Amino acid sequence: MPADEKQAFVTEVATQHGRKLRRYLAARLRNAADVSDLVQEVFLRLLRVDRHESIRNPEAYVMTVAGHVLHQHTLRLATAPQTVAAIDVIVDLHSAIETDPVAQFDAQRRLEQLDHALSLMTPNVHATFVLHRRDGLTLEEIGKRLGVSRPMVKKYLAKALIQCRALGEDA
């Protein structure tokens, strides 16, 4: 298919379904700034399709592609090293000691929740969480240290995050 036909098809789809696509992604993303990037990625993938005439329902196709793009985006975020929440809590705790007793109590409670969540984790799950969040190691580096595969490290990290979130919601 010629490039100008592809462009015309994608422009038509963007005009007809762009708003719905934006709402779909915005409802599922924590960071609203990522919406435009993901919308662009959906339409770039649509441009790569060789036979647009084989797409019977463009709206369903776009939303399916959006689901895949969103899933890949979520996986990228999950594997990116981030600073550990405990450090933030400790900083909050130290500043709260000097200023606000209510903030101090809240920071202390959050630190105790994190400590409790860490104590309930199996050794490999605990080590994975600490190495990833505190030390900023990649999944491959953690796998080498623990002697496990990258997929196993991902499972350990997912378990750790689920346990931390569950205990945070219970409080």
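What comes next is a walk through the structure. (Residues numbered from 1 in each chain as written. Predicted model: local features only at pLDDT ≥ 70, side-chain atom pairs only at ≥ 80, totals over all residues. Heavy atoms only, no water.)

1. Description of the overall build of the protein
Phase 1: Of the regular secondary structure elements, the protein holds eight helices and zero strands.
Phase 2: Going through the 171 residues of the protein one by one, you find that 32% of them count as buried.
Phase 3: Nonlocal contacts in the protein, meaning residues at least 24 apart in sequence, comprise 62% of its contacts between residues at least 6 apart.
Phase 4: Accessible area of the protein: about 11000 Å², with a carbon and sulfur share of 55%. (Helix = DSSP H or I, 4+ residues; strand = E, 2+ residues; numbered from the N terminus. Buried < 20%, exposed > 50% of the residue type's maximum accessible area, 1.4 Å probe, protein only. Contact = heavy atoms within 4.5 Å. Areas by Shrake-Rupley, 256 points an atom, 1.4 Å probe, with all protein chains shown as cover.)

2. Thoughts on the pattern of salt bridges
Phase 1: Scanning the entire structure with this criterion turns up seven salt bridges.
Phase 2: We note a salt bridge from Lys6 to Asp50, for which the minimum N-O separation is 3.6 Å. You can see Lys6 sitting in helix H1 (residues 3–28) and its partner Asp50 sitting in the loop between helix H2 (34–48) and helix H3 (58–79), a full 44 residues away along the chain.
Phase 3: Among the salt bridges present, the one from Arg134 reaches Asp135, with a minimum N-O distance of 2.7 Å.
Phase 4: Salt bridges sharing partners connect three or more residues here, namely Glu41, Arg45 and Arg48. (Salt bridge = Lys/Arg side-chain N within 4 Å of Asp/Glu carboxyl O.)

3. Some remarks on helix H7 (residues 139–146)
Phase 1: Every buried residue of H7 is accounted for by Leu139, Ile142 and Gly143. Projected onto a plane normal to the axis of H7, the buried residues spread over an arc of 100° and lie on a single side. The exposed set on the far side of H7, more than 90 degrees from its buried face, consists of Lys144 and Arg145.
Phase 2: Directly after H7, the chain includes Gly147, whose backbone phi takes a positive value near 75°. (Arc of directions from axis to C-beta.)

4. Some words on the layout of surface pockets
Phase 1: The calculated volume of the second largest pocket comes to roughly 190 Å³.
Phase 2: Lining the second largest pocket are His71, Thr74, Leu75, Ala78, Thr79, Leu139, Lys154, Leu157, Ala158 and Leu161.
Phase 3: For the lining of the second largest pocket, the secondary structure elements donating two or more residues are H3 and helix H8 (150–170).
Phase 4: The residue inventory of the lining of the second largest pocket, partitioned by class, reads six nonpolar, three polar and one charged. (1 Å grid on protein atoms, 1.4 Å probe; cavity = no way out; pocket = protein on both sides within 12 Å on 5 of 7 lines; lining within 4 Å. Points joined across faces, edges and corners; volume = space filled by probe spheres on them. Nonpolar A, V, L, I, M, F, W, Y, C, P; charged D, E, K, R; others polar.)

5. Regarding the packing of H2 against H3
Phase 1: Packing of H2 against H3 leaves a shortest axis separation of 9 Å and a crossing angle of 125°. Taken as axis vectors, H2 and H3 run oblique relative to one another. Where H2 crosses over H3, the two elements pack in a sense that is right-handed. On H3, the residues touching Asp34, Leu38, Glu41, Val42, Arg45 and Leu46 of H2 are Tyr61, Val62, Val65, Ala66, His68, Val69, Leu70, Gln72 and His73. (Axes fitted to C-alpha atoms, helices over the stretch in contact; angles between N-to-C directions. Parallel < 35°, antiparallel > 145°, perpendicular 65-115°, else oblique. Left-handed = near helix turned anticlockwise from the far one by under 90°.)

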